[in-house]
Amino acid sequence: MWWRPWLPACLAWGCVAALCGSRGLCPAPNASRPQPGQCPRRRAAELCAWALSSDSLLDPFPVDVIQENYVRNVRNCIFSVVYPTPFKSRVRLVAVSKDVLENILDLDISVKGSSDFLEFVSGGKVIFGSVPLAHRYGGHQFGSWAGQLGDGRAHLIGVYTNRHGDRWELQLKGSGKTPYSRNGDGRAVLRSSVREFLCSEAMHHLGIPTSRAASLVVSDDDVWRDQFYNGNIKKERGAIVLRLAKSWFRIGSLEILAHSGELDLLRRLLDFIIQEHFPSIAMNDSNRYLEFFSTVVSETANLISLWMSVGFAHGVCNTDNFSLLSITIDYGPFGFMDSYDPNFVPNTSDDERRYKIGNQASVGLFNLSKLLQALKPLLDPRQKQLASQILEGYGEHYHSRFTELFKTKLGLLGENENDNYLIAFLLKIMEDTKADFTMTFRELSEITADQLKELHIPEEFWALQDLGKHKLFSEWVTMYLLRLNSNNGDSDAKRRTRMATVNPRYILRNWMAESAVQKSNLNDFSEVQLLEQVLQQPFQRQEAAERAGYSLRPPAWARHLKVSCSS
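As the structure is a computational prediction, the values presented were derived from the model and not from experiment.

**Overview of the state of the cysteines**
Turning to step 1, where the next piece is worked out: Counting across every chain of the model gives zero disulfides.
Turning to step 2, where the next piece is worked out: Here cysteine 199 is not cross-linked by a disulfide; its sulfur's nearest cysteine counterpart is in cysteine 317, at 13 Å.
Turning to step 3, where the next piece is worked out: Judged by its relative accessible area of 0%, cysteine 317 is buried.

Here it is as structure tokens:
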């Protein structure tokens, strides 16, 4: 391809030693090696037996014609070729996800002990087959068009197709400046990187579609941040997360092309996304863009319903942070609710509460309207009208899925015309009493129907005890037990078992993440590792988690905890 002459000479096959050294990330020229993305029969214990490819992203599209890495307005491309900037100081591997390494990347967990792996995940070396890229996109931020945004501190370092045939795009976050860095330094700090690593994995194990995190490294490089945008600039440590997604394309990927009038490239990118990630849509279907939009509308409604079912607030629901594959991406100032509060805002810089948890469904509708606006140049008049009708159905999709999820959380089977009222009644009592969202549902999964009927709430059920202070609690309990009695063929034991599989006992509460961050700042990463292990099994009672107090009432200091903004 025409872009290949740009690649540094050390990427040529004859210069492997210059890139990797005697024990580098690439095999020697005469060694047998896998084809890019080829699945090894068993997990690779060394990176030399493993390869990436960037061809599937580079071949279909023109690349940024400017080779130099400086901030600028970029046009007529999807990606810029740009290499990570290694840290100047020592780097340390803080945590890895064994599940990601072994079950997605086909790497044996032992690989984490190699210097090659450390250099790879910290941006110090480029693996064979990789052409690092920064993605160009735009977006609406807090309701206003922000123009060009793009990967300002992330490098897409290649695509891996594993032994299951699943295709994953690997990205380093915090790996240095790109043409899209604007006024930033291209770095991420340890504080936000710990949170992203933990939350990516926590969300996956909760059953929420999400990007994944493979590793977390920290450096001794100084990074300066005004954490709460209050003029108090502090020195922090730089860190990098190796994260994965089936695709990093987002609504803003299409918006930037539509706003720039690059309609041929818009069509090419959209066709590529449909062909690669929406196999149920026929490429010869003249309504394929309509089918694509319909799928994204319903799947976005599903994703936000799932967020709500676990009390998760994304914090920055801009169009550049909304995936076209409807997965959770770009973890910034997110937060899980403690006390149930529809006005919960995890982002201290969101003064207007635009992205409060109770507004996420409405924001999803706004973002989808901007997606439709980007698609309209490719639609004929009839398709535009049909697309508008599809968008109007978003609310029904969301309400239906939300109701389904909360009925499951309450152990309800079948249909009853009063189910919506029963759910709303409970949430109102929770709001009035400031009952803990997660533990209210979990304790309803553990308490017996007889204990509820007698309003005998054991001390261990502290969230239900808070709920029981409401004057209407007994009325709700009566309605709830009557509804449970209509579950055909059910028993109380079955009900509790069923509910315990959907109502987590452990979530990544802000105070837990903050405690792990504070210890990490002292080079104690034990809590990061403990949390990562606990959050792999959020629905099962675990001794280590109980000893750490992860199912107890949040400590008093957590009530005043501010979620970090600047990352």
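**What about the pairing of strand β6 (residues 154–161)?**
Turning to step 1, where the next piece is worked out: Burial runs high along β6: seven of the eight residues are buried.
Turning to step 2, where the next piece is worked out: Judged from the seven bridges that link them, β6 and strand β7 (residues 167–173) form a sheet pairing that is antiparallel. Paired with glycine 158 across the bridge in β7 is leucine 170.
Turning to step 3, where the next piece is worked out: Linkage of β6 to β7, two consecutive antiparallel strands, is achieved through a turn of five residues, within which glycine 165 is found at a positive phi near 85 degrees.

**Points about helix α11 (residues 394–409)**
Turning to step 1, where the next piece is worked out: The terminal C-alpha atoms of α11 lie 23 Å apart, and with 16 residues this matches the ideal 22 Å at 1.5 Å per residue to within 8%.
Turning to step 2, where the next piece is worked out: Of all the positions in α11, only Tyr394, Tyr398, Phe402, Thr403, Leu405, Phe406, Lys407 and Lys409 are classed as buried.
Turning to step 3, where the next piece is worked out: Glycine 411 sits one or two positions beyond α11 and adopts a positive phi of about 75 degrees.

**Considering the pattern of salt bridges**
Charged atoms that come close allow side chains of opposite charge to pair.
Turning to step 1, where the next piece is worked out: Across all of its chains, the model carries 39 salt bridges by this definition.
Turning to step 2, where the next piece is worked out: A salt bridge links aspartate 330 to arginine 243, with the shortest nitrogen-to-oxygen separation between them at 3.3 Å. Linking aspartate 330 in the loop between β11 (312–313) and β12 (335–336) with arginine 243 in strand β10 (residues 233–245), this pair joins segments that are 87 residues apart in sequence. Considered together, aspartate 330 and arginine 243 belong to a single accessibility category, that of buried residues.
Turning to step 3, where the next piece is worked out: The residue aspartate 492 makes a salt bridge to arginine 495 at a minimum N-O spacing of 2.7 Å. Within this pair, aspartate 492 and its partner arginine 495 are both found in helix α17 (residues 492–500), separated by three residues, close to a single helical turn.

**So, the pairing of strand β5 (residues 144–148)**
Turning to step 1, where the next piece is worked out: Looking at chain direction, strand β4 (residues 138–141) and β5 are connected through three bridges and run antiparallel. Bridging from a neighbouring strand, histidine 140 pairs with tryptophan 145 of β5.
Turning to step 2, where the next piece is worked out: Hairpin geometry of β4 and β5 is characterised by an intervening segment of two residues between the two adjacent antiparallel strands and by a positive phi of about 50 degrees at phenylalanine 142.

**Remarks on the packing of aromatic side chains**
Turning to step 1, where the next piece is worked out: According to the stated counting rule, one finds 23 aromatic pairs in the structure shown.
Turning to step 2, where the next piece is worked out: Between phenylalanine 142 and tyrosine 355, the aromatic rings sit 5.0 Å apart at their centres with planes inclined by 40 degrees, giving tilted as the arrangement. With phenylalanine 142 in the loop between β4 and β5 and tyrosine 355 in the loop between β12 and α9 (360–375), the pair connects residues that are 213 residues apart, well separated along the chain.
Turning to step 3, where the next piece is worked out: A relative accessible area of 35% places phenylalanine 142 in the partly exposed class.
Turning to step 4, where the next piece is worked out: Put simply, the rings of Trp307, Phe312, Phe322, Tyr331, Phe334 and Phe336 pair up and form one aromatic cluster.
Turning to step 5, where the next piece is worked out: Over the aromatic face of tyrosine 137 sits the side chain of arginine 250, whose NZ or CZ is 4.3 Å from the ring centroid.
Turning to step 6, where the next piece is worked out: The residue whose ring lies beneath lysine 409 is phenylalanine 441, and the NZ or CZ to ring-centre distance is 4.5 Å.

**Some details on the side chain of serine 211**
Turning to step 1, where the next piece is worked out: Counting through the fold element by element, serine 211 comes out in the loop between α5 (190–205) and β9 (212–226).
Turning to step 2, where the next piece is worked out: Beyond its immediate sequence surroundings of up to four residues, serine 211 is in contact with Ser200, Leu244, Ala245, Trp248, Ile327, Thr328, Ile329 and Tyr331.

Analysis parameters
- Residues numbered from 1 in each chain as written.
- Predicted model: local features only at pLDDT ≥ 70, side-chain atom pairs only at ≥ 80, totals over all residues.
- Heavy atoms only, no water.
- Disulfide = S-S within 2.5 Å.
- Buried < 20%, exposed > 50% of the residue type's maximum accessible area, 1.4 Å probe, protein only.
- Helix = DSSP H or I, 4+ residues; strand = E, 2+ residues; numbered from the N terminus.
- Pairing = 2+ DSSP bridges.
- Expected span 1.5 Å × (residues − 1).
- Salt bridge = Lys/Arg side-chain N within 4 Å of Asp/Glu carboxyl O.
- Phe/Tyr/Trp six-rings, centres within 6.5 Å; stacked < 30°, edge-to-face > 60°.
- Lys NZ or Arg CZ within 6 Å of the ring centre and 35° of its normal.
- Contact = heavy atoms within 4.5 Å.

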